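Chain residues, written in single-letter form:
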Amino acid sequence: MAVQEVTRLFRAAQVNPNLREQLNTAPNEDVFVKMAREQGYEFTVDEWKKATSFAVEEFESELSEIPGI
């Protein structure tokens, strides 16, 4: 469920520059998650870290499959 919420937030921030700018002002992950909750996205800092680290690991593995990288 949390991964879905993080994904939903990511997609919303892609199409809503005001939301993206607001979230980019967060000085740390705790404040970021609090701001996200105020916008209706429910996840914890640990869930955020887990969801975003998975995306990075997945992206890195896809890159390693490209010839020459």
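Reference entry: report on the structure contained in this document.

Rules used throughout
Residues numbered from 1 in each chain as written. Predicted model: local features only at pLDDT ≥ 70, side-chain atom pairs only at ≥ 80, totals over all residues. Heavy atoms only, no water. Salt bridge = Lys/Arg side-chain N within 4 Å of Asp/Glu carboxyl O. Helix = DSSP H or I, 4+ residues; strand = E, 2+ residues; numbered from the N terminus. Buried < 20%, exposed > 50% of the residue type's maximum accessible area, 1.4 Å probe, protein only. Phe/Tyr/Trp six-rings, centres within 6.5 Å; stacked < 30°, edge-to-face > 60°.

Before going further, it helps to spend a moment on the pattern of salt bridges. Pairing between side chains of opposite charge can happen when the charged atoms of each approach one another. The tally for this structure, following the rule as stated, stands at three salt bridges. The closest approach of N and O atoms between Glu-29 and Lys-49, which form a salt bridge, is 3.4 Å. With Glu-29 in helix 3 (residues 29–38) and Lys-49 in helix 4 (residues 45–64), the pair connects residues that are 20 residues apart, well separated along the chain. Residue Lys-49 is classed as partly exposed on the basis of its relative accessible area, which comes to 40%. Notably, a salt bridge pairs Glu-42 with Arg-37, separated by 3.8 Å at the nearest N-O pair. With a relative accessible area of 48%, Glu-42 lands in the partly exposed category. Looking at Arg-37, the relative accessible area reads 40%, which means it is partly exposed.

Across all of its chains, the model carries two aromatic pairs by this definition. Seen from their ring centres, Phe-43 and Trp-48 are 5.6 Å apart, and the 20 degrees between their planes marks the pair as stacked. Each of the two residues, Phe-43 as well as Trp-48, counts as buried. Pairwise contacts between aromatic rings join Phe-32, Phe-43 and Trp-48 into one cluster.

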